[in-house]
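Descriptive analysis of the structure
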Amino acid sequence: MALGGLHRVLCRRWVRWPLTVLGCLGIAVPAQAVDVDNMRLWSAPDHVRLVFDMSGPVNANVFTLDDPDRVVIDLDGADLDFDVDALDLDDSAIDAVRTGVRESGGLRVVLDVNRRVVPQSFTLAPNEQYSDRLVVDLEYPGESAVKDPIDPIEAMIRDQEIAAQRAKTEAVAEGKPEQAEEVAATVEAQPHPKRDIIIAVDPGHGGEDPGASGPGGTHEKDVVLQIARKVKARFDQTPGFKAFLTRDSDYYVGLRQRTLIARQQKADFFVSIHADAVRSSQPFGSSVYALSQHGASSETARWLAVNENQSDLIGGVDGNLSLDDKDEVLRGVLLDLTMTATMNDSLATGSQVIDQLGRVNKLHKSSVEQAAFVVLKSPDIPSLLVETGFISNPREERALKSSSHQAELAQAIYAGIVAHFRQHPPPSSLLAWQRDQGRGGAGDEYRVQPGDTLSQVAASHSISMKALKQANGMDTDILRVGQVLTIP
Ligand SMILES: [Zn+2]
C-alpha cells in the first residue's frame, strides 16, 4: 500500500486517534516516542502469535498485502529497540521479518508469510509481569489446532456412537427403557468397528502464560508439556488407544479452546496436566481434581442458556446432539443425566489415577478433589486435572525436571486411565470387542519373573492391585516366581 493510502486508512480512524487527526490536518504534534523493547513469537499448528513489548501504549494498524503475501504492522510514533533477527521463525508461516521507519514517522514491521493468513490484533495494558503489549495473531484458515487430527473414518464411527448414546440417554429421560435396548441392539448388529479410544492430553499454560514457577526458575508450562508428551507416547504405544495434545509446543491455548479442541477431536477422555505452587516451599505431592457438583450445576445452566451454541451441545459437533427440538424440561434432564454420568466416570477414573500416582509419588491429597476448573467443564467428556507436584518445593521442582520422574508420573496417569477403560470400554472400541471375545487386551496370563512385585505386575498391565488379587483369589501381596496370574 502506498503511503497516501496508508494515510487515508489512519485518518479514517480519527475518532479513536485524535493525535492522528491533528497529524492529518498538518499540525505538528510533539509525539511521545514509544520503544518496542522486545518481540516474542509463539508458533501453533493453526496460528502464530507475535507479541510486541512496548514502553507505553501505541496505536497500531495491521493489514495484509498479496503478491507476495505479507502482513504489515504499523506502529504510530514507535521506535524499534530490538533485533528482529533474534526471533525464531521455525514452524511458523513467517519466512522473514523486515522493519523500517515510515515517512510520516513511526515503525513499520513487514512479515513475509508463506501462506494465506488472517491477522487479528489487540493491545494489552501493563500487568505485574509485562509492560504494554500489542498482540498480533496470524490465523491459518482451514488448519487443525492439533498436529495429528482424528481421521475422518474414526470420526464417523465416533459420531455414530455418540448419536446412539444420545438416543439411549433420551429414551431413558423420556421413560422408555425398551427403546434404549433397541438402540443398543442396532448398534451392536453392525460389524465391530474396533475403534481406538481417544485421549486428549492437555499440558497446562504455554506461551506467554508460564504457569507457576519454581525457586530454581523452572516453569510449569515446560515440565507439564514434557510429562504430557510422555503420557501421549504411552497411549500411542498401546493398541486400542490414540492420544493427542491440545498444545504440542510453547504457545498459549485458551481454557474454553482446550475443551473445544477435545470435542472437535471427539475425545473419550480429557486429562489436563499441571504443577502446583504456593507461597510456602514446604507442601509437596500430587493431587487429582474432577469437576465439582457446583461447577457442574452452573455449567449445565450455562449450556442451557447459550442458545446460539445448541448444535454444539453434549458432543454434537455436527448437530448430533442438538437439543433445540426438545422442550426445556427435557433438555435439562438430558444435560443432567449426561453431566452426572460424566462426573461419575471422572471420579472413578480419578481414583484409579490417584492409586497409580501414590506408587510413584507422595500424595498431597489421597482422594479425588473437586473444583470448578474451566477445563473440566465438558458436559460429555469425562475430565481430570492432575497437579503432578509442587514446583514451589525445591526438591519436587528438581524431581519434576527429571526425565525419569516425569516418565513415572506419565506412566501412573496413563495406567489409571487405561484401567478405567479396560473396565468400562466404549461399545465400538477395540477394548470392548476384546472383552466380548473373552480376552483382555493385555493378554490372559502372566508368569511371575524373579524380582516381580504385585504392584509392578498390576501397573504393567494397567490394572489395580485389588483387581489383580481378586481375579486370582489372592489374600496376600506376595508372589512366587513361576506363578501364573490371570490378568482380568
Ligand atoms: Zn497450572
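A brief report on the enclosed structure follows. (Residues numbered from 1 in each chain as written. Predicted model: local features only at pLDDT ≥ 70, side-chain atom pairs only at ≥ 80, totals over all residues. Heavy atoms only, no water.)

1. Focus: the sheet that holds strand β8 (residues 118-124)
Adjacent strands of a sheet form backbone hydrogen bonds with each other and so pair up, either parallel or antiparallel. Strand order in the open sheet made by the five strands is β5-β1-β2-β9-β8, with mixed pairing throughout. Edge positions in the open sheet fall to β5 (78-80) and β8, since each of these has one partner strand only. Recorded for the sheet is a direction-independent mean angle of 30° between the axes of neighbouring strands. In terms of strand pairing, strand β2 (residues 47-54) meets strand β9 (residues 132-139) through eight bridges, oriented antiparallel. Residue pairing across strands places R49 opposite D137, the latter belonging to β9. (Pairing = 2+ DSSP bridges. Helix = DSSP H or I, 4+ residues; strand = E, 2+ residues; numbered from the N terminus. Axes fitted to C-alpha atoms, helices over the stretch in contact; angles between N-to-C directions.)

2. Points about the pairing of strand β4 (residues 70-75)
With respect to burial, β4 is a largely interior element, five of its six residues being buried. Note: strand β3 (residues 60-65) against β4, six bridges, orientation antiparallel. Bridge assignment links T64 to a residue of β4, and that residue is V71. Sheet topology note: the β4/strand β7 (residues 107-113) ladder contains six bridges and is antiparallel. Residue pairing across strands places I73 opposite V109, the latter belonging to β7. (Buried < 20%, exposed > 50% of the residue type's maximum accessible area, 1.4 Å probe, protein only.)

3. Remarks on the environment of M39
Of note, M39 is situated in strand β1 (residues 34-43). A C-alpha to C-alpha distance of 4.6 Å links M39 and F52, two positions 13 residues apart in sequence. Contacts of M39, omitting those with residues within four sequence positions, involve L50, V51, F52, L80, F82, V84 and L87. (Contact = heavy atoms within 4.5 Å.)

4. Some points on a nonpolar patch on the surface
Together, V172, V329, V333 and L337 give the surface a local cluster of nonpolar side chains, amounting to about 320 Å² of exposed area. Tallying contributions element by element places helix α8 (residues 328-360) first for the nonpolar patch, with three residues. Positionally, V172 belongs in helix α3 (residues 152-173). (Patch = residues over 30% accessible without salt bridge, like charges linked within 9 Å, V, L, I, M, F, W, Y side chains within 5 Å. Areas by Shrake-Rupley, 256 points an atom, 1.4 Å probe, with all protein chains shown as cover. Salt bridge = Lys/Arg side-chain N within 4 Å of Asp/Glu carboxyl O.)

5. Some words on empty space enclosed by the protein
Over the atoms, a rolled probe matching the size of one water molecule traces out where space is still vacant. Tallied over the entire structure, the rule returns two cavities of 30 Å³ or more. In this structure, the largest cavity encloses a volume near 40 Å³. Taken together, L291, M339, T342, M343, S346, L376, S378, I381, P382 and S383 form the lining of the largest cavity. The greatest single-element share of the lining of the largest cavity, amounting to four residues, is contributed by α8. (1 Å grid on protein atoms, 1.4 Å probe; cavity = no way out; pocket = protein on both sides within 12 Å on 5 of 7 lines; lining within 4 Å. Points joined across faces, edges and corners; volume = space filled by probe spheres on them.)

6. Digging into the nonpolar core
Judged by nonpolar contacts, the single largest core of 37 residues is most densely connected at I199, V201, F235, V271, I273, I413 and I417. For this core, the element with the most residues is helix α10 (residues 403-423), which contributes nine residues. In this structure I199 touches F235, F241, K242, A243, F244, F269, V271, I417 and F421, once residues within four positions along its chain are discounted. Formed by 31 residues, the second largest nonpolar core is a distinct cluster that contains V34, L111, V113 and V136. (Core = buried A, V, L, I, M, F, W, Y, C linked by side-chain atoms within 4.5 Å.)

7. Description of helix α9 (residues 394-401)
Among the residues of α9, E396, E397 and L400 are the ones counted as buried. Buried positions in α9, seen along its axis, are confined to an arc of 105° and lie on one side of it. The exposed residues of α9 that point more than 90 degrees off its buried face are R395, R398 and K401. Tucked inside the fold, the buried residues of α9 contact α5 (220-236), β12 (269-276), β15 (383-390) and α10. Capping the start of α9, N393 holds a side-chain oxygen 2.9 Å from the backbone nitrogen of R395, two or three residues further along. (Arc of directions from axis to C-beta. Polar contact = N/O pair within 3.5 Å; in protein donor to acceptor, adjacent residues only side chain to side chain.)

8. Side note on the coordination of the zinc ion
Those protein atoms acting as donors to the zinc ion are H205 (NE2), E220 (OE) and H274 (ND1), and they sit at 2.1 Å. Read from N- to C-terminus, the donor residues coordinating the zinc ion fall into the pattern H-x14-E-x53-H. With H205 in the loop between β10 (197-203) and α5 and E220 in helix α5, this residue pair connects regions lying 15 residues apart in the sequence. Assigned by exposure class, H205 and E220 land together as buried. (Donors = N, O, S within 2.8 Å, 3.2 Å for Na, K, Ca; no water.)

9. Points about the side chain of D268
Topologically, D268 is positioned in the loop between α6 (255-264) and β12. Assessed through its relative accessible area of 8%, D268 is described here as buried. In this structure the side chain of D268 is engaged in a polar contact, spanning 3.5 Å, whose partner is the side chain of R158. Excluding residues that lie within four positions of it along the chain, D268 makes contacts with R158, R195, D196, I197, I198, I381, P382, F421 and P426.

10. Points about the sheet that holds β3
What the four strands build is an open sheet, ordered β3-β4-β7-β6; its pairing is antiparallel. Strand pairing shows two members of the sheet lacking a second neighbour, β3 and β6 (94-101), which therefore form its edges. This sheet shows a mean twist of 15° between the axes of neighbouring strands, independent of strand direction. Note: β6 against β7, seven bridges, orientation antiparallel. Within the sheet, the bridge partner assigned to R98 lies in β7 and is V110.

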